[in-house]
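As a plain string of letters, each chain reads:
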Amino acid sequence: MLISDLAALCTGVSEATTDADSMEGAAASLARYLRNSFGEAAGGPEIVMARVFQTVRHDSLGDELREYADARARAPLSPDQRCLVLMGTDGDLPQWRDRRRSVDHQAIPLADEDGVRSMPMVAALVDHFGLSMDDFLGDRDHGAGAFGGSGKQDSFEVFYVPDAQGSPDVPAQDFVREHGVRSVLGFGGVLPGGDVYAIILFTRVRIPEHVAELFQTVAVAAKLALLPSLAKPLLRGEADRFADEHAVARSRIQALEQMLQVQRETVLTQAFRLEEALRDAVEARRLAERESRANEALREVTTVLSAELDPDRLVQTATDAATRVTGARYGAFFYNVVDADGEQYMLYTLSGAPRSAFERFPNPRNTELFGPTFRGEGVIRSDDITGDPRFGQNAPYDGLPPDHLPVRSYLAVPVKTAAGEVTGCFFFGHPEVGVFDGIAEKVATGIAVHAAVALDNARLYRAERETALALQRSLLPRNLPSPQGVDVAYEYSPGSGGRDVGGDWFDVIPLSGGRTAFVIGDVMGRGVQAAAIMGQLRTAIRAYAVSGLLPEQVIGRLNQLLMDMGDDLIATCTYAVLDQSETTLTLSSAGHLPPALIDPDGGVSYTAADLGPPLGVPGAVHHAATIDFPTGSTILWFTDGLVEHRTRPLQEGLDQLLAVLGEIGPRDPHTVCPEVIARLVDEQTQDDDMTVLVVAHRGLSRRDVVEREFPTEARSAEQARRWVERVLTDWGDQEHAEVVVPVVHELVVNALLHAESPITVQLRRLPALVVAEVGDHDGRLPRRTHAGPADEQFRGLQIVESLSSRWGSRLTEHGKVVWAEFAIED
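Residues numbered from 1 in each chain as written. Predicted model: local features only at pLDDT ≥ 70, side-chain atom pairs only at ≥ 80, totals over all residues. Heavy atoms only, no water.

A few points about the overall build of the protein
Okay, step 1: The secondary structure content of the protein amounts to 21 helices and 28 strands.
Okay, step 2: Burial statistics for the protein: of 826 residues in total, 52% are counted as buried.
Okay, step 3: A sequence separation of at least 24 residues applies to 67% of the contacts in the protein between residues at least 6 apart.
Okay, step 4: For the protein, the exposed surface amounts to about 36700 Å²; the carbon and sulfur share of it is 49%. (Helix = DSSP H or I, 4+ residues; strand = E, 2+ residues; numbered from the N terminus. Buried < 20%, exposed > 50% of the residue type's maximum accessible area, 1.4 Å probe, protein only. Contact = heavy atoms within 4.5 Å. Areas by Shrake-Rupley, 256 points an atom, 1.4 Å probe, with all protein chains shown as cover.)

Focus on the packing of aromatic side chains
Okay, step 1: Per the stated rule, a full pass over the model turns up 14 aromatic pairs.
Okay, step 2: Ring geometry for Tyr-490 versus Phe-506: centroids 4.7 Å apart, planes at 35°, classification tilted. Remark: Phe-506 occurs in strand E15 (residues 503-510) and Tyr-490 occurs in strand E14 (residues 486-493); sequence separation between them is 16 residues.
Okay, step 3: On the basis of relative accessible area, Phe-506 is assigned to the buried category, the value being 1%.
Okay, step 4: Through successive ring pairs, a cluster of aromatic residues spans Phe-334, Tyr-348, Phe-370, Phe-374 and Phe-427.
Okay, step 5: In this arrangement the basic side chain of Arg-72 is found over the ring face of Tyr-68, its NZ or CZ atom lying 3.6 Å from the centre. (Phe/Tyr/Trp six-rings, centres within 6.5 Å; stacked < 30°, edge-to-face > 60°. Lys NZ or Arg CZ within 6 Å of the ring centre and 35° of its normal.)

Some remarks on the packing of helix H19 (residues 716-731) against helix H20 (residues 737-754)
Okay, step 1: Packing of H19 against H20 brings their axes to within 9 Å, and their N-to-C directions diverge by 150°. Classified by the angle their axes make, H19 and H20 are roughly antiparallel. Where H19 crosses over H20, the two elements pack in a sense that is right-handed. Along its contact with H19, which presents Ser-716, Ala-717, Ala-720, Arg-721, Val-724, Glu-725 and Leu-728, the element H20 presents Ala-737, Val-740, Val-741, Pro-742, Val-744, His-745, Val-748, Val-749 and Leu-752.
Okay, step 2: For the contact of H19 with H20, a count of residues per class yields 12 nonpolar, two polar and two charged. (Axes fitted to C-alpha atoms, helices over the stretch in contact; angles between N-to-C directions. Parallel < 35°, antiparallel > 145°, perpendicular 65-115°, else oblique. Left-handed = near helix turned anticlockwise from the far one by under 90°. Nonpolar A, V, L, I, M, F, W, Y, C, P; charged D, E, K, R; others polar.)

Overview of helix H12 (residues 311-326)
Okay, step 1: Here H12 spans 22 Å end to end across 16 residues, near enough to the 22 Å set by a 1.5 Å rise per residue.
Okay, step 2: Of the residues making up H12, those classed as buried are Pro-311, Leu-314, Val-315, Thr-317, Ala-318, Thr-319, Ala-321, Ala-322, Thr-323, Val-325 and Thr-326.
Okay, step 3: Just downstream of H12 lies Gly-327, where phi reads positive at about 80°. (Expected span 1.5 Å × (residues − 1).)

Notes on the nonpolar core
Okay, step 1: By size, the foremost hydrophobic cluster in this structure holds 54 residues, and its most contacted members are Leu-185, Phe-187, Leu-201 and Phe-215.
Okay, step 2: At nine residues, the largest contribution of residues to this core is made by helix H9 (residues 215-226).
Okay, step 3: Within the second largest apolar cluster, 27 residues are counted, among which are Ala-717, Ala-737, Leu-747 and Ala-772. (Core = buried A, V, L, I, M, F, W, Y, C linked by side-chain atoms within 4.5 Å.)

Quick notes on the confidence of the model for the protein
Okay, step 1: Of all residues in the protein, 80% attain a pLDDT of 70 or more, and the chain-wide mean is 80.
Okay, step 2: Element-level mean pLDDT values for the protein span from 64 in helix H11 (residues 285-307) up to 93 in strand E22 (residues 634-638).
Okay, step 3: Confidence over residues 139-156 falls short of pLDDT 50; this stretch has 52 contacts with residues more than four positions distant or in other chains. (pLDDT = per-residue confidence, 0-100.)

Some details on the pattern of salt bridges
Okay, step 1: On inspection of all chains with the given rule, the structure shows 31 salt bridges.
Okay, step 2: Arg-381 serves as the salt-bridge partner of Glu-441, at 2.7 Å between the closest nitrogen and oxygen. Taken as a pair, Glu-441 in helix H14 (residues 438-475) and Arg-381 in strand E11 (residues 380-382) lie far apart in primary sequence, 60 residues in all.
Okay, step 3: The class of Glu-441 is partly exposed, set by a relative accessible area of 23%.
Okay, step 4: Arg-679 is the partner of Glu-663 in a salt bridge, and the nearest nitrogen-oxygen pair spans 2.2 Å. Of this pair, Glu-663 sits in helix H17 (residues 650-664) while Arg-679 sits in helix H18 (residues 669-680), placing them 16 residues apart in sequence.
Okay, step 5: With relative accessibility at 53%, the residue Glu-663 sits in the exposed group. (Salt bridge = Lys/Arg side-chain N within 4 Å of Asp/Glu carboxyl O.)

Let's talk about the sheet that holds strand E17 (residues 571-579)
Okay, step 1: Spatial strand order, E15-E16-E17-E18-E21: five strands in an open sheet with antiparallel pairing. Single-partner strands in this sheet number two, and they are E15 and strand E21 (624-628). Strand-to-strand twist across the sheet, computed as the mean angle between neighbouring axes with direction ignored, equals 15°.
Okay, step 2: For E15 and strand E16 (residues 516-523), the ladder comprises eight bridges, and the chain directions are antiparallel. Bridge pairing links Asp-507 to Val-519 in E16.
Okay, step 3: Along the sheet face, helix H16 (residues 551-565) touches E17, strand E18 (584-590) and E21 and points at about 155° away from the line of E17. (Pairing = 2+ DSSP bridges.)

A word on H19
Okay, step 1: In this model H19 runs 22 Å from its N-terminal to its C-terminal C-alpha over 16 residues, within 8% of the 22 Å that 1.5 Å per residue would give.
Okay, step 2: Summarising the contacts, the buried residues of H19 are in contact with strand E24 (705-710), H20, strand E25 (759-766) and strand E26 (769-776).
Okay, step 3: Of the residues flanking the end of H19, it is Gly-732, one or two places downstream, whose phi is positive at about 80°.

So, the side chain of Arg-765
Okay, step 1: Following the sequence through the fold, Arg-765 ends up in strand E25.
Okay, step 2: Of the residues examined, Arg-765 reaches a relative accessible area of 18% and is grouped as buried.
Okay, step 3: Looking at Arg-765, its side chain comes within polar contact range of the side chain of Asp-733, at 2.4 Å. (Polar contact = N/O pair within 3.5 Å; in protein donor to acceptor, adjacent residues only side chain to side chain.)

Brief notes about the sheet that holds strand E27 (residues 806-811)
Okay, step 1: Spatially, E24-E25-E26-E28-E27 is the arrangement adopted by the five strands of the open sheet, whose pairing is antiparallel. Whereas interior strands pair on both sides, the edge strands pair on one side only; in this sheet they are E24 and E27. In this sheet, neighbouring strand axes are inclined to one another by 15° on average, regardless of whether the strands run parallel or antiparallel.

Pasting the structure below:
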C-alpha cells in the first residue's frame, strides 16, 4: 500500500458518512465502504466481513438494545455501565449486512474485567488501544468514565492478528475455517465523552505487519468521520443527542493533529522501508530514488505544516517538491483564495523558473486542455502535448504565447479536498519528450492529495487562531479610563509563531474615592478556551474590585473561581490598587512575574515578587504587600511573552528588561511601552502572547486632598461639619456645602455610635467630583435599614443616599471606610 493509496482510503472514509442521519447510519456506511474498498481474492472479496462497534452507556440504549443487553447480563446492569454495541456491519452473507440479525453481538454488557477478559477479541482491543481495563469499563460512580474528558482521547491503535486460524484472540474458529479468514485487523479510538469506537475487518488475504501499521491513519480518519454523528440519533428513528460542540471541535482539532503526526510517521516509515527494500535492486534504483524524493517532499510539507501553518508557504513547498520528484523542468500550482470580503481569486506559485517568466501571461483559461483539470475530472499526462488535439494548433505559436518556456512533456493534477472540491491544480512541464511516466503521475497525485489535506488543516488552524484572537480582543478593554494623576499606556500582541493565541489580559478599574485598580494576568493554554477563561476571570475580577474587597481577597476569590471551573486550569494574575492620597500601591499576586518599578531618580528594581502561587492551586494562600509609589515613579507590569521565548531564558530576559528600563528612565509611558517592546521582542521569534501595562504617577495637588482626624467625642460631628465647610470654601466649592456637609455629618455620627477609635475624615477633589471618606477601626460595614414613618432612627444612610451621587463602604487593614461621591461642575 502506497501513501497515495492510504490517503485515498482516508478520503473515502471521510466521505462515507457525509449523508448519515444517525450514528447507526454512519457506522453502516463506514462498514460498507471499507468492505468495498479492497479488491477480490480467491473465494470472494478480500474483506469477508467488516463490523463497527461502539461502547454506549446502558441508559443511552434504546428499548430493544437495552432488553437484549439485560438478557445477556449475569447481574442487573446499572445505568452507567457500558455495553459494546454493534453499530454497523457488512459481509458476504445477507445476515451479516443487518446489525439486528446478529445473534450474539448486538449489545455486549461490559460489567467487569472478568467479563471482558472472557471475550478475547474485546480484551485484545482494550490492550491494543493503550487503555487500562478501568478506562474501558469507565468510572461508574461518575458516569462519564475515567477517560471521558481529554486524557485518553489521543488513544488509538491497531489490533492485528496476522494468522486468524488457531489464534486465541479469535475465538470463533468455526467461522474462521468456514469462510477462509486469514487475518483480522481492528482499529479505533476514543470519542469525546469517553466512548470507544472499534472497526474490525476479517480478510481472506494475509495482511503483512507493515500494512497493518498504516491503518493508524485510517483509525483517526474514522474518528473524524464519526464525530459529526455525536449530535445525531444513536439509532435511526431516535431523537437527536446532546453533544458538547466545544468538546467535539477540540476533538476534531486533536484528531487532525494526530492525523498529521501519524502521516508524518507513516511517511518516514514508508520511506525507510522503500529505500531498504530497493537498495539491492539495481533495476529499480531509479524508482526507489523517485519514491524517496516523493517521501522527502511529503515530509517537507508535513514539517512546514506543523511549524509554519502558512498556506502560501505550504503550496510553494508542495510545488517545489512535486517538481523535483516528478523530474519536471518547471512546475506551477494555481489555487483559489477567498479574501475577507468573501471574494474568490486565483494565485499561483512557480518552481524551476523565475516568476518574471510568467508575470506578463494571464492565468490559464478554461480551455479544452485546462478545463478538465480545473473541474477536477482527473489527471492529464502527455508525452508530447504539442501533438494533442486539445493543444492549440494555430500558427505561429501552436498553443503557447510568445516567449513562453517550451513545453513538450505535460502533467496536470487537480488538488481536491475530501469533499471533492477543487482547491487548486498542479501543472508540470519539460521541454523534452516522454519525461513523465506512470510513476511520476502517481507520485504527483499522492502529493496533490497531501497538499489538499495540508491546505485544509492550515486554513482550519488559521480560522481557529483568528477566532481565538477575535474573541480575546473583544474581551480586552478597548478604551482604558484616564484616572487623575496617572498616565497609562499598554500594548498587547499575540504570538506570531504559534497556532493559537493565549490568555493574556489586563485592565484598569476605577474604584471609589479616586482609587484605581490595575490588573494583569495570563491563562495557561492556547486558543478559544484560554480566551474564554480569560474573559470570565476579567469579568469576575471587575466585580470583586468594585465590591471593595482587599487585593488579597480579590485574588483569593479568583483562585476559588478558577478551581471551580476545572481541575487542570492554571493562571497567573497581579491585582494592584493605587491610593494617591497615600502615594502607595497595594498588590496581591498569584504566581505572576513581578512588576518593574522606576523611581523618580531613575533607579529600577523588581518588587512584590513572591506573594502566592498561581491561580488554580488548591489550598493556596495569597498575601498583599504595600509599596511606596511616589509622584514621578513609573511601574511596568508584563506577561512572560515580553521576556521569554524559545531562544532566550526567562532570567536573561528579566535582566535585559531592567537594563533597558534603566536606560529609558521615568519617561512618558506612551514612549516607554513601544521602546521596551522594540528592544526586547523579535517578531520572528515571538511565539507567545505579550502584554505590557505601564503606569506613571504624576500625582495630585496637595490642596486637592485634605484629611483630619477627630476624637470619639460627641462634639466631633459638629467639628467635622465646620471643617468640611472651610475646606469647600477654600476650594471655591462652597455652593456644594448643602449636600456634602450633611452627608459627612451623618457618616461621622454613625462612626461615633459604633467605633471606639479616632475617626478620620478625608476630602478629595477630582475633576467634576468631590469625594468624602470617613474611616474608623470598626470592621462592621454599614447596612441600610428601612425606617418606618414614626421611626426617628435608621434615616442616616437614607440621607447619605439621597444627597450623594453614589456611596459605599470597604474594609481596610485596620477597619473600614465609608465613602460618598458628589458630582460637581468645574
